[in-house]
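Structural description and commentary
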Amino acid sequence: NQTIPLTIASNNFNIIGNIHGDSTIYLFNPKHKEEILDKENNKIKKWGHKKKLKKNNILLIPPYWYYIQETNTETIQYHIDINNIFTFIPNKIRNM
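Residues numbered from 1 in each chain as written. Predicted model: local features only at pLDDT ≥ 70, side-chain atom pairs only at ≥ 80, totals over all residues. Heavy atoms only, no water.

Some remarks on the overall build of the chain
What counts is decided by this rule: Strands are runs of DSSP state E lasting at least two residues, helices are runs of H or I lasting at least four, and both sets are numbered from the N terminus onward. C-alpha atoms define the radius of gyration, and 2.2 Å times the number of residues to the power 0.38 defines the globule rule. Each residue is placed in one exposure class: buried if its accessible area under a 1.4 Å probe, protein chains only, is under 20% of its type's maximum, exposed if it is over 50%, and partly exposed if it falls in between. Throughout, the Shrake-Rupley method with a 1.4 Å probe supplies accessible areas, and for residues the shown protein chains are the sole cover considered. Only four residue types enter the charge count, namely Lys and Arg as positive and Asp and Glu as negative; His and the chain termini do not. A single reference atom marks each charge: NZ on Lys, CZ on Arg, CG on Asp, CD on Glu.
Helices and strands together make up the secondary structure of the chain, namely three helices and seven strands. In sequence order, the secondary structure elements of the chain are arranged as β-β-β-α-α-β-β-β-β-α. Its C-alpha atoms give the chain a radius of gyration of 14 Å, near enough to 12 Å, the size a compact globule of 96 residues would have. Its C-alpha atoms put the chain at 35 × 30 × 20 Å along the principal axes. Each of the 96 residues in the chain was classed as buried or not, and the buried ones make up 32%. Carbon and sulfur atoms provide 54% of the accessible area of the chain, an area that totals close to 6500 Å². Taking the 13 positively charged and 8 negatively charged side chains of the chain as two groups, their mean positions are separated by 4 Å.

What follows is the structure in structure tokens.
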């Protein structure tokens, strides 16, 4: 059982795909930022859009949306973050 804590999709394109196994991703609209930040995953799920990813499924996460991820089985995934000039510079500065 793996749980990834609340994360913001700060890139222009955020792609998660399952090669093997299943996972559950909860997507949170940025308008719920006040309700979800600094809280436990179990207490914020009610504001999330629940998406089940199965083998060969791909999910595109909208920019600046928040998400948490849960896996209960052996899972192989890929996660691709793509920036353009408008997101590359702010993300580079933020990660310094």
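Overview of the sheet that holds strand β1 (residues 2-8)
Formally: Each pair of strands is called paired provided DSSP finds at least two bridges between the two strands. Axis lines are fitted to C-alpha atoms, over the contacting stretch for helices. Their N-to-C directions set the angle, which ranges from 0 to 180 degrees.
On the basis of which strands lie adjacent, the open sheet formed by four strands has the order β1-β6-β3-β4 and antiparallel pairing. Of all the strands in the sheet, just β1 and β4 (49-53) have a single pairing partner and so form its edges. On average, each strand axis in the sheet is inclined to that of its neighbour by 15°, with strand direction left out of account. The pairing of strand β3 (residues 23-28) with β4 spans five bridges and is classified as antiparallel. Bridged to S23 within β4 is L53.

What about the sheet that holds strand β2 (residues 13-20)?
Taking strand neighbours across the sheet as the criterion, the three strands line up as β5-β2-β7 in an open arrangement whose pairing is antiparallel. Here the strands that pair on one side only, and so sit at the sheet edges, are β5 (58-61) and β7 (76-82). If you compare each strand with its neighbour and ignore which way they point, the axes differ by 15° on average. As defined by bridge partners, β2 adjoins β5 across four bridges and the pair is classed as antiparallel. Looking at β5, one finds that G17 is bridged to I58.

Quick notes on the environment of K31
If you trace the backbone, K31 turns up in the loop between β3 and α1 (33-36). It is 9.0 Å that separates the C-alpha atoms of K31 and W65, two residues lying 34 residues apart in sequence.

What about the nonpolar core?
Put simply, the rule reads: Throughout, nonpolar core names a set of buried Ala, Val, Leu, Ile, Met, Phe, Trp, Tyr and Cys residues whose side chains join them through atoms within 4.5 Å. Residues are treated as being in contact if the distance between any of their heavy atoms lies within 4.5 Å.
Grouped together as the largest cluster of nonpolar side chains are nine residues: A9, I16, I25, L27, L53, L59, I61, W65 and Y67. Of all the secondary structure elements, the ones that give two or more residues to this core are β3 and β5. The residues touching Y67, leaving out its near neighbours within four places in the chain, are P5, L6, T7, I8, A9, I16, I25, Y26, L27, F28, I61 and H79. Counting residues in hydrophobic clusters, the runner-up holds six residues, among them Y26, I36, Y66 and I68.

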